[in-house]
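Below are the chains, spelled out letter by letter.
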Amino acid sequence: MIPLSTRMRPQGLDEFKGQEHFLYPGSLFYNSIKNRTFDSAIFWGPPGSGKTTLAHILAKKIDRPFYNISAI
């Protein structure tokens, strides 16, 4: 059984809500994802802020594998 949070996870940047301060259309971060020129990043923040979801979207958009590593 797949958890509800996984099933409801946004699948693209257009569905992703939040983090508008750096993920707006035309921003460096947004354009690097759209143009597939993204190199690397470390996402840090409180639980529920969209770090894992954004990483999933990013990996999917630039056709890269995604490995979820928890610091816990």
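Refer to the structure presented above.
Residues numbered from 1 in each chain as written. Predicted model: local features only at pLDDT ≥ 70, side-chain atom pairs only at ≥ 80, totals over all residues. Heavy atoms only, no water.

**Quick look at the layout of surface pockets**
Part 1 of the argument: By volume, the largest pocket amounts to about 750 Å³.
Part 2 of the argument: Forming the boundary of the largest pocket are 23 residues, of which Ala-55, Phe-66, Tyr-67, Asn-68 and Ile-69 lie nearest the centre.
Part 3 of the argument: Residues belonging to the lining of the largest pocket are distributed by class as follows: 15 nonpolar, five polar and three charged. (1 Å grid on protein atoms, 1.4 Å probe; cavity = no way out; pocket = protein on both sides within 12 Å on 5 of 7 lines; lining within 4 Å. Points joined across faces, edges and corners; volume = space filled by probe spheres on them. Nonpolar A, V, L, I, M, F, W, Y, C, P; charged D, E, K, R; others polar.)

**Quick look at helix 3 (residues 51-61)**
An α-helix turns once every 3.6 residues. As a result, residues three or four positions apart point the same way.
Part 1 of the argument: Listing the buried residues of helix 3 in full gives Thr-53, Leu-54, Ala-55, Ile-57, Leu-58 and Ala-59.
Part 2 of the argument: Residue Asp-63 follows helix 3 closely and has a positive phi angle near 55 degrees. (Buried < 20%, exposed > 50% of the residue type's maximum accessible area, 1.4 Å probe, protein only. Helix = DSSP H or I, 4+ residues; strand = E, 2+ residues; numbered from the N terminus.)

**As for the packing of aromatic side chains**
Part 1 of the argument: Counted according to the given criterion, the structure contains three aromatic pairs.
Part 2 of the argument: With 5.4 Å between their ring centres and 90 degrees between their planes, Phe-29 and Phe-38 make a pair best called edge-to-face. A single burial state applies to Phe-29 and to Phe-38, both of which are buried.
Part 3 of the argument: Arranged with centres 6.4 Å apart and planes meeting at 75 degrees, the rings of Phe-29 and Phe-43 form a pair that is edge-to-face. Here the residue Phe-29 occupies a position in helix 2 (residues 28-34), and Phe-43 occupies one in the loop between helix 2 and helix 3, the gap between them amounting to 14 residues.
Part 4 of the argument: Here Phe-29 falls in the buried class, since its relative accessible area comes to 14%.
Part 5 of the argument: The exposure class assigned to Phe-43 is partly exposed, which follows from its relative accessible area of 28%.
Part 6 of the argument: Pairwise contacts between aromatic rings join Phe-22, Phe-29, Phe-38 and Phe-43 into one cluster. (Phe/Tyr/Trp six-rings, centres within 6.5 Å; stacked < 30°, edge-to-face > 60°.)

**Here we look at the side chain of Ser-32**
Part 1 of the argument: With respect to the helices and strands, Ser-32 occurs in helix 2.
Part 2 of the argument: Only 2.8 Å separates the side chain of Ser-32 from the backbone oxygen of Phe-29, close enough to count as a polar contact.
Part 3 of the argument: If we ignore the near neighbours within four places in the chain, the residues touching Ser-32 are Thr-37 and Phe-38. (Polar contact = N/O pair within 3.5 Å; in protein donor to acceptor, adjacent residues only side chain to side chain. Contact = heavy atoms within 4.5 Å.)

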